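Below are the chains, spelled out letter by letter.
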Amino acid sequence: MNQKEIDRINALARKAKTEGLSAQEIAERDELRKRYIADMRAAVQDQLAHTVVLRPDGTREPLLKKDVGGKG
């Protein structure tokens, strides 16, 4: 998600608080929010996938186990 889309989310939020949104603007806001949340989740998952736990004995263990089903 680029900065222009984030700015649009913020503009719609301000407008919703002051004057309300049309049905088309509500749909646009909802779609932008879904995309923003999906991007944030992907970023967190990527960060966790590259995080390791360093055990006292010096071994390194991935924080997340790789799951064959694609969810972990």
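Structural data are supplied above this passage.
An account of the accompanying structure is given in this report. Quantities reported herein were computed from a predicted structural model and do not represent experimental measurements. Once a new chain begins, its residue numbering starts again from 1 and follows that chain's sequence as written. Restriction of local features to residues with pLDDT of at least 70 applies here, the model being predicted, together with a cutoff of 80 or more for giving and counting side-chain atom pairs; totals for whole chains, interfaces and linings are based on all residues. As a rule here, side-chain values come from all non-hydrogen atoms in the structure, and water together with hydrogens is ignored.

1. Things to note about the side chain of Glu-25
- Here Glu-25 lies in helix α2 (residues 23-49).
- Here Ser-22 takes part through its backbone nitrogen, which lies 2.9 Å from a polar atom of the side chain of Glu-25.
- Here, two residues are considered to be in contact whenever any of their heavy atoms come within 4.5 Å of each other. Setting aside residues no more than four positions away along its own chain, Glu-25 makes contact with Arg-8, Leu-12, Lys-15 and Gly-20. Helix numbers and strand numbers start at the N terminus; a helix is a DSSP run of H or I with at least 4 residues, a strand a run of E with at least 2. Pairs of N or O atoms are called polar contacts if they sit within 3.5 Å, as long as, within protein, a hydrogen donor faces a hydrogen acceptor (for residues adjacent in sequence, only side-chain-to-side-chain pairs).

2. Some details on helix α1 (residues 3-18)
- What a helix is expected to span follows from its residue count: subtract one and scale by 1.5 Å. Relative to the 22 Å expected for 16 residues at 1.5 Å per residue, α1 spans 23 Å between its end C-alpha atoms, a close match to the ideal helical length.
- For each residue, the accessible area found with a 1.4 Å probe, counting protein chains only, is set against the maximum for its type, and the residue is called buried under 20%, exposed over 50%, and partly exposed in between. Here α1 has its buried residues at Glu-5, Ile-9 and Leu-12. Down the axis of α1, the smallest arc covering the buried residues is 65°, so these residues share one side. For α1, the exposed residues set more than 90 degrees away from the buried face come down to Lys-4, Arg-14, Lys-17 and Thr-18.
- For α1, the side-chain oxygen to backbone nitrogen distance between the N-cap and Lys-4 is 3.1 Å, and the N-cap itself is Asn-2.
- Looking one or two residues past α1, Gly-20 carries a phi angle of roughly 90°, positive in sign. Working note: the arc is built from the helix axis to C-beta atom directions.

That's the geometry; what it means functionally is another story.
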